[in-house]
Amino acid sequence: MTLDSAGPRSRALFRRARRVLVGGVDSPVRSFAQVGGTPLFIGRGEGPWIVDADGRRYLDLVNSWGANLLGHAPPPVVAAVRAAARDGLSFGAPSEREHRLAERIRREIPMLERMRFVTSGTEAVMSAIRVARGATGRRRIVKFAGGYHGHLDGLLVRGGSGVASAGRADSAGVSPAAARETSVLPYNDPAAAERFFRRRGDEVAAVIVEPIAGNMGVVPPRDDFLSTVDRLCHGAGALLIADEVITGFRLRRGAVHPTLGARADLVTLGKIIGAGLPVGAYGGARRFMDLVAPVGPIYQAGTLAGNPVAMAAGEALLAARPPGTYRELEAAGATLAGLLQSEADRARVPVTVNRRGSMVGLFFTPGPVTDFASARTSDRATYARFFHGALRAGLYLPPSPMETIFASTRTTPSILEQQRVAFRRAFAAAARGGG
Ligand SMILES: *Cc1c(COP(=O)(O)O)cnc(C)c1O
């Protein structure tokens, strides 16, 4: 593929980066390996926009993979980070910012009787799984195909996000023993879950699920899916882990799984609660969380966990959501999905657009897209042409066909409407040479 939409400065920076960083990037989904060409190097972000190293401005529809709920550099968050940084960057001792952020999170997710901050979503999931195994004395973890829960060994099995796009069912370097302790079920298939639990329910320590799948594009759960998973999981004496690293605080205040028929025992959070700084968290009922050190026998620690600057950022972000925030996000998502559908129709490019709130999944397939198998029918070559067409028209989309497109409160319907011609050019590019 010869498409390359990056400017000369990004290209030069990428050449230099590749001499010291593996593949020039610190996370493979940023590498443009799925769409071809050179990744844009970002100089700065302002509200809904990002500006690359060549000084070109783009409407940002990645938003740090969902972490930026309020767009780039929201002033109250930046002010809080500045103030916290002046007071010291890290102590390795408790500071009141940690329990203040925890109190604020618990106000919106009351089942978090106790929680612990860590530094990434991966770490939150890894720790929640350790708690589930410690609490049940069992080893098996159940996940759903196309779900992504971070890069811990045991869950790099039929994952979504970068793992899916790379077309690998698995990762090298994962011990077969770790992979064998994970069972993968199809998402949105209650009957398959019933069959599995009838045979092996008593081996299961935990079921982990993204309540709305967001790492194979957006795939919302069927009405009876999460309630069935909940019933089977609890009937088998296993813990239900709601992985809300994307969905937490994005679709409503707090977590989304209670509105979808599930009662999780443990919840994992990340992305938005750090407002763009490295933060993750896990928590749940006291009877499980009090198994964690120093109260209980399950060890889990972190030199930079509860970092004061990161805590200040999270607290400021959660405080900076006026009433109406989630209505605005809903309107942004609806406008974005409508634009994508209508411009695709106009260009006669068959697409399926799945959406919940400000999370939009665009699939180059007639659909419907209800699980990993149907998500993977999205045509990658068409996505690559669409992606580069969009980039040239000033729209920055996920550089991979299996990812969620995120709006922020700054991606307003009127800004989106102003970009209609840009979307039109992107779909024209998608249609060219397409079958
Ligand atoms: C992003 C993500 C993770 C991993 O979080 P990192 O901070 O990238 O380690 C885990 N679960 C879900 C659902 C995610 O979207």
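Scroll up to find the structure.
If you're wondering where the values come from, they're calculated on a predicted model, not measured in any experiment.

Enquirer: Explanation requested: the overall build of the chain in the structure shown.
Expert: A tally of regular secondary structure across the chain gives 15 helices and 14 strands. The globule rule puts the C-alpha radius of gyration for 435 residues at 22 Å, and the 21 Å found for the chain is close to it. Counting only residues that meet the buried cut, the chain has 57% of its 435 residues in that class. Taking contacts inside the chain between residues at least 6 apart in sequence as the whole, the part at least 24 apart equals 73%. The chain carries 56 positive and 37 negative side-chain charges, and their two centres are separated by 4 Å.

Enquirer: Whenever I open this one, the pattern of salt bridges confuses me. Can you help?
Expert: Pairs can form between side chains of opposite charge whenever their charged atoms are close. Scanning the entire structure with this criterion turns up 19 salt bridges. One salt bridge connects Arg97 with Asp87, and the closest N-O pair in it is separated by 3.6 Å. One end of the pair, Arg97, is in helix H3 (residues 96-108); the other, Asp87, is in the loop between helix H2 (75-86) and H3, with 10 residues separating them in the sequence. Its relative accessible area of 19% is what places Arg97 among the buried residues. The partner of Asp230 in a salt bridge is Arg263, with the nearest N and O atoms 3.0 Å apart. Here Asp230, found in helix H8 (residues 225-235), pairs with Arg263, found in the loop between strand E8 (239-243) and strand E9 (266-269); they are 33 residues apart in sequence, far enough to count as distant. On the accessibility criterion, Arg263 (57% relative accessible area) is exposed.

Enquirer: Is there a simple way to explain the sheet that holds strand E10 (residues 280-284) in this structure?
Expert: Hydrogen bonds between backbone groups are what pair the strands of a sheet, and the pairing can be parallel or antiparallel. Judged by pairing direction, the sheet is mixed, and its seven strands sit side by side in the order E4-E10-E9-E8-E7-E5-E6 without closing on themselves. Pairing within the sheet leaves two strands with one partner each, and these edge strands are strand E4 (114-118) and strand E6 (182-185). Strand after strand, the sheet turns through a mean of 20° between neighbouring axes, direction not considered. Looking at chain direction, E9 and E10 are connected through four bridges and run antiparallel. Counted as the bridge partner of Val267 is Gly283 from E10. Together, E4 and E9 form the strand contacts of H3, whose direction differs from that of E4 by roughly 125°.

Enquirer: Could you clarify how one ought to interpret the sheet that holds strand E12 (residues 359-363) in this entry?
Expert: Spatial strand order, E11-E12-E14: three strands in an open sheet with antiparallel pairing. With one partner strand each, in any of the chains shown, strand E11 (352-356) and strand E14 (405-406) form the two edges of the open sheet. Of the strand pairs in this sheet, E12 and E14 are connected by two bridges, and their pairing is antiparallel. By the bridge assignment for E14, Val360 is matched with Ile405.

Enquirer: Would you take a moment to explain unusual backbone geometry for this structure?
Expert: Geometrically, the link from Ala293 to Pro294 is a cis peptide bond, its omega value of 10° lying close to zero. In the Ramachandran plot, Asn188 falls in the positive-phi region, its phi being about 70° despite a non-glycine side chain. Within the element layout of this structure, Asn188 appears in the loop between E6 and helix H7 (190-200). When its relative accessible area of 9% is taken as the criterion, Asn188 is described as buried. For Phe249, which is not glycine, the phi dihedral falls at a positive 70°. In this fold, Phe249 is placed in the loop between E8 and E9.

Enquirer: Would you mind going over the packing of H2 against helix H10 (residues 308-319) with me for this structure?
Expert: For any two helices packed against each other, the geometry is given by the interaxial angle and the distance between the axes. Packing of H2 against H10 brings their axes to within 8 Å, and their N-to-C directions diverge by 155°. Overall, the two elements H2 and H10 adopt an arrangement that is roughly antiparallel. Relative to H10, H2 is oriented so that their crossing is right-handed. Residue-level contacts link Pro76, Val77, Ala80, Val81, Ala84 and Ala85 of H2 to Pro308, Val309, Ala312, Ala313, Ala316 and Leu317 of H10. Residues belonging to the contact of H2 with H10 are distributed by class as follows: 12 nonpolar, no polar and no charged.

Enquirer: What should I look at first to understand H10 in this one?
Expert: Side chains of residues three or four places apart in an α-helix project in the same direction, reflecting 3.6 residues per turn. Between the first and last C-alpha of H10 there are 16 Å, a value that for 12 residues agrees with the 16 Å anticipated at 1.5 Å per step. For H10, the full list of buried residues reads Pro308, Val309, Ala310, Met311, Ala312, Ala313, Gly314, Glu315, Ala316, Leu317 and Leu318. Next to the buried residues of H10 lie H2, H3 and E4. Put simply, Asn307 is the residue that caps the front of H10, since its side-chain oxygen is 3.0 Å from the backbone nitrogen of Val309.

Enquirer: Hey, could you run me through the packing of aromatic side chains in this one?
Expert: In this structure the tally under the stated criterion is 12 aromatic pairs. A centroid spacing of 6.2 Å and a plane angle of 55° characterise the contact between Phe14 and Phe41, whose relative ring orientation is tilted. A residue pair is termed long-range when its members are at least 10 positions apart, and Phe14 in helix H1 (residues 8-18) and Phe41 in the loop between H1 and strand E1 (42-46) qualify at 27 residues. Looking at Phe14, the relative accessible area reads 8%, which means it is buried. Assessed through its relative accessible area of 22%, Phe41 is described here as partly exposed. Measuring from ring centre to ring centre gives 5.1 Å for Phe32 and Phe387, while their planes differ by 85°; the resulting arrangement is edge-to-face. With Phe32 in the loop between H1 and E1 and Phe387 in helix H13 (residues 380-392), this pair connects stretches of sequence that are 355 residues apart. Assigned by exposure class, Phe32 and Phe387 land together as buried.

Procedures and definitions
Along every chain, residues carry numbers that run from 1 in the direction the sequence is written. Totals for whole chains, interfaces and linings use every residue, but because this is a predicted model, local features are given only for residues with pLDDT of at least 70 and side-chain atom pairs only at 80 or more, for both listing and counting. Heavy atoms throughout the structure, all of them, feed into the side-chain values; hydrogens and water do not. Helix numbers and strand numbers start at the N terminus; a helix is a DSSP run of H or I with at least 4 residues, a strand a run of E with at least 2. It is over C-alpha atoms that the radius of gyration is taken, and the globule rule equals 2.2 Å times the number of residues to the power 0.38. Each residue is placed in one exposure class: buried if its accessible area under a 1.4 Å probe, protein chains only, is under 20% of its type's maximum, exposed if it is over 50%, and partly exposed if it falls in between. Whether two residues touch is decided by their heavy atoms; if any such pair falls within 4.5 Å, the residues are in contact. When charges are counted, neither His nor the chain ends are considered; positive counts come from Lys and Arg and negative counts from Asp and Glu. To locate a charge, the coordinates of NZ of Lys, CZ of Arg, CG of Asp or CD of Glu are taken. Only one rule defines a salt bridge in this text: a Lys or Arg side-chain nitrogen within 4 Å of an Asp or Glu carboxyl oxygen. If DSSP finds at least two bridges between two strands, the strands pair. Helix axes use the C-alpha atoms of the stretch in contact, all axes being lines fitted to C-alpha atoms, and the angles between their N-to-C directions lie in the range 0 to 180 degrees. In these notes the angle categories are as follows: under 35 degrees is roughly parallel, over 145 is roughly antiparallel, 65 to 115 is roughly perpendicular, and the rest is oblique. The handedness criterion is simple: a crossing whose near helix is rotated anticlockwise from the far helix by less than a right angle is left-handed, and one whose near helix is rotated clockwise is right-handed. Classification convention: Asp, Glu, Lys, Arg as charged; Ala, Val, Leu, Ile, Met, Phe, Trp, Tyr, Cys, Pro as nonpolar; all other residues, Gly among them, as polar. The span expected for a helix works out to 1.5 Å for each residue beyond the first. In protein, a polar contact requires one atom able to donate a hydrogen and another able to accept it; more generally it is a pair of N or O atoms within 3.5 Å, and residues adjacent in sequence count only if both atoms are side-chain atoms. Two rings belonging to Phe, Tyr or Trp (six-membered ring only in the last case) form a pair when the distance between their centres is within 6.5 Å. Interplanar angles under 30 degrees mark stacking, angles over 60 mark edge-to-face geometry, and anything in between is tilted.

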